[in-house]
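Survey of secondary and tertiary structure
The primary structure of each chain is shown beneath.
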Amino acid sequence: MIRLCIWNEFRHELREPVKSLYPEGIHRAIADGIDCEGIDIRFATLDDPEQGLSDEILNNTDVLIWWAHLAHREVADSLAAKIRDRVLAGMGLIVLHSGHMSKIFQAVMGTSCTLRWRQIGEKERLWTVDPSHPIVKGVPETFTLEHEEMYGEPFGIPDDGKIVFMSWFAGGDVFRSGVTFQRGAGKVFYFAPGHETFPTYYDRNVLKVISNAVRWAAPAEYFPIECRKWAEPEEKVQ
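Quick summary incoming for the structure in this document.

What counts and what doesn't
Along each chain, residue indices are assigned from 1 in the same order as the chain's sequence is written. Owing to the predicted nature of the model, reporting of local features is limited to residues with pLDDT of at least 70; listing and counting of side-chain atom pairs is limited to 80 or more, with chain, interface and lining totals taken over all residues. Remark: hydrogens and water are excluded; side-chain values derive from all non-hydrogen atoms of the structure. Strands here mean DSSP runs of E at least two residues long; helices mean DSSP runs of H or I at least four residues long; both are numbered from the N terminus. In this scheme, a helix's expected span is set at 1.5 Å multiplied by one less than its residue total. Whether a residue is buried, partly exposed or exposed follows from its accessible area with a 1.4 Å probe, protein chains only, as a fraction of its type maximum: under 20%, in between, or over 50%, in that order. Should any heavy atoms of two residues lie within 4.5 Å, those residues are counted as being in contact. What counts as a ring pair is set by centres within 6.5 Å for rings of Phe, Tyr and Trp (its six-membered ring), and what kind of pair is set by the plane angle: stacked under 30 degrees, edge-to-face over 60, tilted for all other angles. We call a charge positioned over a ring when the NZ of a Lys or the CZ of an Arg lies within 6 Å of the ring centre and within 35 degrees of the ring normal.

1. Concerning helix H4 (residues 77-89)
Between the first and last C-alpha of H4 there are 19 Å, a value that for 13 residues agrees with the 18 Å anticipated at 1.5 Å per step. Taken as a whole, H4 has its buried residues at Leu79, Ala80, Ile83, Arg86, Val87 and Ala89. Gly90 sits one or two residues past H4 and shows a positive phi near 140 degrees.

2. Examining the side chain of Ser98
As for its placement among the helices and strands, Ser98 is situated in the loop between strand E4 (92-96) and helix H5 (103-109). If we ignore the near neighbours within four places in the chain, the residues touching Ser98 are Trp67, Ala68, His69, His72 and Tyr151.

3. Quick look at the packing of aromatic side chains
Enumeration according to the criterion identifies 9 aromatic pairs in this entry. Ring centres of Phe155 and Phe175 lie 4.7 Å apart, and the angle between their planes is 40 degrees; this geometry places the pair in the tilted category. With Phe155 in the loop between strand E6 (142-152) and strand E7 (162-169) and Phe175 in strand E8 (residues 174-183), this residue pair connects regions lying 20 residues apart in the sequence. For the pair Phe155 and Phe175, a shared accessibility class is recorded, and that class is buried. Its end group placed over the ring of Tyr222, Arg86 keeps NZ or CZ at 4.1 Å from the ring centre.

4. Concerning unusual backbone geometry
Note the cis peptide between Glu16 and Pro17, where omega equals 5 degrees. For Pro17, the position within the fold is in the loop between strand E1 (2-8) and helix H1 (18-21). Note that the residue after Glu153, namely Pro154, is joined by a cis bond; omega there is 5 degrees. Structurally, the position occupied by Pro154 is in the loop between E6 and E7. The backbone of Phe10 shows a phi angle near 60 degrees, a positive value even though the residue is not glycine. Tracing the backbone shows Phe10 in the loop between E1 and H1. A relative accessible area of 24% means that Phe10 is categorised as partly exposed.

Structure representation (structure tokens):
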């Protein structure tokens, strides 16, 4: 079983209009919509004890989904550092939408992660850039979200990212909306669609992408991030 933890800030959903759209929270909408076969799901939110991610929970998570927007600065620096170390050791990380400005995404990217944005509910068309990637399995070559927040270039992420999806918006902007990274032993996927005032997390193609990403990011093994001294050399030393 893949041990998946969906972390959601869970602040927008406490007030309208988001409360009506996602009455149980974005985290539960994602869990209800993805293919859960072989996946054990738990939830965590910012206002839970230890901000939802105690050492016990984090150390028993294979893939972490992160959605946040209003309260990036409230996340403890110490928690962001622990998540980063867990990713380096092999845990998968999926960062959604406005999580691009979260402490954890900035920590694993080492860059500003800034972008251009516009919130007028315009159409977004996503294009599959790499049809061979496991994340696009069963996803059409292109699909449309009738209303989304525009995220546009330049996007302040490292150049080593593998582009899986590109987006075009009705206002003319383009954006690297699905990008993968390798950080240490861990796999990272950033996926842009998901503004809280639109029903994006009910879209079957978006949910399929997230389902695939969970399975892609799951680690085969964990590796301690430490300098290890080997007692004996493999070859005879003259």
